[in-house]
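What the coordinates show
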Amino acid sequence: MTQQEQQEFTDSLEAAQSWIHVVQERLRVNDNTQGPRAALQARLRETEKIHESEHEGRVKMDMVLVAAEVLLQNGDQETRSKTHARLKELKASWEETCTFIIHCHSRIEWVWLHWSEYLKAHEEVEMWLVRMRRSLEPEVELQLGVKEKLWQVDHQHVLLSDVQSQALLLERLLDEAAALHNRTQDPSVDQEAQERLQEAYNSIRDRAEERLSVLQKIAEEHQIYQSYVLKFQAWLVSKAKELNTLTETEDTAENNLQALQTLDDSVASEERTLLHIEGMSEAVRANTSPGGAEVVEEEVEELRLAWQRLRQSLCEAGEGLRSSLDSQSQYHSHCQRLGEDIVQLQALLHRLTRDLETAREGDRTEEQMVGQWRKYMNVQNTLSAEESQVENIKAQLKELFRFSQDSRHLSDDVLAVVKEHQSVKCRAMKLCVESETGLRLVLQDPLHGFSQWSQLVSQVLEASAEVSEFSHIALLVQNIERLMMQSLQLQERLSLLQVKRDLLASVFGSDRAESLLTELNTAVRNRELLHSQLLQRKGRLQGLISRTKDFGDAYESIRSNLTLLRDRLISADILQPDILAKKSQSDQLRVIKKDLEDCEAHITALETLVSSSSTNKTRSERLYGDWRNLYKAVRVKGNESEESIREHESFHESLLNVEKWLMIMRQKLESYRSSAGEWSVDNRQHEAERALGEFPEKELQLHQTEVQGQGVLKRTSEEGRVHILRDMKRLREAWMALHDLSLNLFRYITLEEWEKVSRDGLEKGGGDVVGWLDITGRRMEKYVIVVVLQAAPGSALSAAEYEDRRRVFEAWLQKENNILSGILNTKGPLNTRELKIRQNTLKTLRSSVGWGQEQFQLLLMSGAAAAGDGADHWAEDVGMEEIRYRWMLYKSKLKDVGDLKALLNVKVLVLPAGLSLSHRALVAPCGGRMHADFGRQLSSAAWRGRVSEDAWLSTISS
């Protein structure tokens, strides 16, 4: 054994022992589960690192064992004994360290996983609490009737059962939190957190139970009300049967009258029950939805009307029995007296109405308002005094009901005069209240003005108590002078109010008037005191200003402030990329404007230091001019910024609206197409036509949005323009794709209708075909011709585009002419329905002349533009003259049509067999050679090649 081998063993042994010592020390530091979750996570990561470094320790142990093997083989007995002892001790430490590593890491990892599971369960409970809170926060939704309220109670039962079922889960969660707190002592799972969770659950449970109790009470209340209504309805039916039996019984008038009176008393006594039901209905309606409340109200009104009808029947029966006992003279005398009272009351009401109208005229001065109020009060007092007369008229009318003669004319007069009296009374009361309210505000206005003025005075006195800066002193002096001017105005107003004691007493009452007068006297004294304080403070501040002589420093300070504000304006005046940046820029400009407004007071104060120096005066004037120019520039920039923000927001809103409509419309149109790509509008044709009818308006909205986008681009930086251009391109592409989809759907609808109508029209005659041609022609104008003729007036078109436009117009004109010819060539008598159909068709043809003239002018301008680009075909196009002649001839024929009945001498137009989607010639009995030629044009391949497919379909439909 050499010294080197001994040294190698010793070094490797010390390295292994050192590693074990370091690891054990790190484990002792991290062997703790208490503390927050972040600390526990850090310990977990540290133990993971220690666990991963176990391989390093094993390498060191292997190195020790290799070195010890050499010593054990070559060393003497003593060396081998020592080596065995040291290896045994090292292995014990190594095994202890490995066990410590595993136990420490496992213990921390278990607590970490336990905590994670708890947090997941806690989050679920919190989400459940939030859902339940959102479900229980809204007020109880009112229901329509008893059935719906009972359903609502059942639903609340289910909700409460859900809440109660969560109690066990919450209990387990709280136990987990307690166990976790025992291990970690973290505040997030302490007893207070557990109590908060328990309180949140208890709150949800109590709210659910409370709501269930309320709903049960509401449902029970409605059920009780319903039972009362049914019982009262049955009682009304039984009493009506008794009345019928009584009227049919042949007995003396006295006996019948006595029995009738008994029955009437019985019915009248049940008014208490009716009132009770009406009272219950008020409570039921308060807890019922508007629709259900309306039903309840109608139900109660029907009960009241039924009861009143029964009472009225009883009264009429009694009057009939007593009519034989009354004399005709008594009836006439009652009528005469009642008529005179009605006329007298009507005259009074007309005079009072004129008084009300007269009182409303005039200015809104205080004197006018006082006079107006007094007039209203006089009218109201007069109407109140006439209440007895109205009741007397009612009583007289009631007496007339006892007679057998018809008194309806008098009852109508009484009802009219009573309504008029109530109307005038309500109007007078309303005007009186409004006038009194306005008068009270006017009379109390000086006191309100003093209150506001005194607050401003207190603020100014407090602000000027310790002021020392020159600019602030000048500003305070200006404020004090303004407040002193307001003080003099208040003095005059308060003095005028003091002499109006009688008016205050009549408007407010004696007690309130005395309180106002006391408050008024206090205000007068306080105003004098505050006025003297302002006068003293003004003198002191003016003395401070007179002692200030440093003009140069003040001038330089203000000038440097203006320079700084100008630099801030320059830095803020740049184009911004989006709305948020523009709003931020606008806020910066507002801050600069506010700083400039504050700077004006400094300039005003500087003028007081000019004295007699012309140089200082010139510098002061120049400084004020610089301020004025800068303030004007800031104001202009601020207005421009606000306008830019409004334009950008409007464009963004329009863009979102159009995109939303495109998305919805695409879904709607694709719902008419199967997955295989085939169209079908079974039982939904009207819905599809309504959807297609939205396109012209939305196309205009799309153009407006694009124009708005161009304006926004001019006021947006390059960085923001990229996004706006991308949005506009995406919008245009989505529109074109949706537009193509709509044309395909329209083509399918048109073909389906044409095949059906052409098949049915040949069997029944041309009347229905003419009506269909008119409807489909209008639709074609909207969805096809507009597409072909959508170029702007005067825009240059190629020869092919111009030819397409011309042929489409010819097709439309031919269709209109065919319909008119069909009407004019119809002979023989027609029934009312057929005549009305043709009259409506003729009216529609006349209404479309304006549109046709507009399209004809567009055709002329488009042709001229094409010729201006070098197209010689326009000058030589004889066909255009033929179109002009045909258009003028059609308008002349339409204008010359007079009485349609006199013109109808032939049967209605019969659609020829060739007018279908086949390619046979169009020859009609009324069309002549023009129809045949036109049919050949439609059938020719050349025609199909020169117009678009949609325009070709439009022409075939025509």
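Everything numeric in this text was worked out from a predicted model, so none of it was measured. (Residues numbered from 1 in each chain as written. Predicted model: local features only at pLDDT ≥ 70, side-chain atom pairs only at ≥ 80, totals over all residues. Heavy atoms only, no water.)

**Remarks on the overall build of the protein chain**
Heads up, the rule is: Labels follow the DSSP assignment, with helices taken as runs of H or I lasting at least four residues and strands as runs of E lasting at least two, numbered in each case from the N terminus. Buried means the residue's accessible area, taken with a 1.4 Å probe over protein chains only, is under 20% of the maximum for its type, while exposed means over 50%, and partly exposed covers the values in between. Only the protein chains shown count as cover for residues, and all accessible areas are computed by the Shrake-Rupley method using a 1.4 Å probe.
A tally of helices and strands in the protein chain yields 32 helices and zero strands. Among the 958 residues that make up the protein chain, the fraction classed as buried is 39%. Accessible surface, the protein chain: about 53,500 Å² in total, of which carbon and sulfur atoms supply 52%.

**Focus: the packing of helix 6 (residues 191–248) against helix 8 (residues 271–286)**
In plain terms, the rule: Geometry is summarised by axes, namely lines fitted to C-alpha atoms with helices restricted to the contacting stretch, and by angles between N-to-C directions that run from 0 to 180 degrees. When describing relative orientation, an angle under 35 degrees is termed roughly parallel and one over 145 degrees roughly antiparallel, while 65 to 115 degrees is termed roughly perpendicular and anything else oblique. Put simply, a crossing is left-handed when the front helix is turned counterclockwise from the back one by less than a right angle, and right-handed when it is turned clockwise. Contacts between residues were defined by any pair of non-hydrogen atoms, one from each residue, lying within 4.5 Å.
At a closest axis distance of 10 Å, the pairing of helix 6 and helix 8 adopts a crossing angle of 150°. Here helix 6 lies roughly antiparallel to helix 8, going by the angle between them. By crossing handedness, the relation of helix 6 to helix 8 is classed as left-handed. Here Glu221, His222, Ile224, Tyr225, Tyr228, Val229 and Phe232 of helix 6 lie close against helix 8, whose contacting residues are Thr273, Leu274, His276, Ile277, Met280, Ser281, Ala283 and Val284.

**Side note on the environment of Glu386**
Positionally, Glu386 belongs in the loop between helix 11 (366–385) and helix 12 (387–400). With 37 residues separating them along the chain, Glu386 and Leu349 place their C-alpha atoms 9.9 Å apart.

**Let's talk about the packing of aromatic side chains**
Using the following cut-off: Side-chain rings of Phe, Tyr and Trp (the six-membered ring for Trp) are treated as a pair once their centres are within 6.5 Å; stacked means planes under 30 degrees apart, edge-to-face means over 60, and tilted covers the remaining angles.
Inspection of the entire model under this criterion finds 15 aromatic pairs. For the ring pair Phe695 and Trp735, a centre distance of 5.8 Å and an interplane angle of 50° mean the geometry is tilted. Note that Phe695 is positioned in helix 21 (residues 695–714) and Trp735 in helix 22 (residues 718–764), a separation of 40 residues in sequence. With respect to class, Phe695 is no different from Trp735; both count as buried. Members of the aromatic cluster, joined through ring pairs, are Phe809, Trp812, Trp851, Phe856, Trp887 and Tyr890.

**Focus: the pattern of salt bridges**
We count it as follows: For salt bridges, the criterion is a side-chain nitrogen of Lys or Arg within 4 Å of an Asp or Glu carboxyl oxygen.
This structure, assessed with the given rule, holds 26 salt bridges. The residue Lys815 makes a salt bridge to Glu816 at a minimum N-O spacing of 2.4 Å. Grouping residues by exposure puts Lys815 and Glu816 together as buried. When salt bridges with common partners are traced through the structure, they connect Glu271, Glu278 and Arg304 into a single cluster.

**Overview of the packing of helix 1 (residues 3–30) against helix 2 (residues 37–52)**
Short version of the rule: Classification convention: Asp, Glu, Lys, Arg as charged; Ala, Val, Leu, Ile, Met, Phe, Trp, Tyr, Cys, Pro as nonpolar; all other residues, Gly among them, as polar.
Closest axis-to-axis distance for the helix 1/helix 2 pair is 10 Å, and the angle between their directions is 160°. As far as their axial angle goes, helix 2 and helix 1 are roughly antiparallel. When you trace helix 1 past helix 2, the crossing you get is left-handed. In contact with Val23, Arg26, Leu27 and Asn30 of helix 1, helix 2 contributes Arg43, Glu46, Thr47, Lys49 and Ile50. Looking at side-chain class alone, the contact of helix 1 with helix 2 contains three nonpolar, two polar and four charged residues.

**Considering helix 9 (residues 290–322)**
Operational definition: One fewer than the residue count of a helix, multiplied by 1.5 Å, yields its expected span.
Taking 1.5 Å of rise per residue, 33 residues should cover 48 Å, and helix 9 covers 46 Å from first to last C-alpha, within 8% of that figure. Turning to helix 9, its buried residues are Gly292, Ala293, Val296, Val300, Leu303, Arg304, Trp307, Leu310, Leu314, Gly318 and Glu319.

**Section: the side chain of His105**
As for its placement among the helices and strands, His105 is situated in helix 4 (residues 77–136). Judged by relative accessible area, which is 12%, His105 ranks as buried. Leave out the neighbours within four places in its chain, and His105 touches Leu44, Thr47 and Glu48.

**Things to note about the confidence of the model for the protein chain**
For clarity, the cut-off: Every residue is assigned a pLDDT by the predictor, reflecting its confidence on a scale from 0 to 100.
When the pLDDT values of the protein chain are averaged, the result is 75; 76% of them are 70 or greater. Low pLDDT, under 50, characterises residues 868–876; the predicted model gives this stretch 11 contacts beyond four residues in sequence or across chains.

**Description of the environment of Arg28**
If you trace the backbone, Arg28 turns up in helix 1. On the accessibility criterion, Arg28 (45% relative accessible area) is partly exposed. Taking C-alpha positions, Arg28 is 9.2 Å from Phe100, a pair spaced 72 residues apart along the chain.

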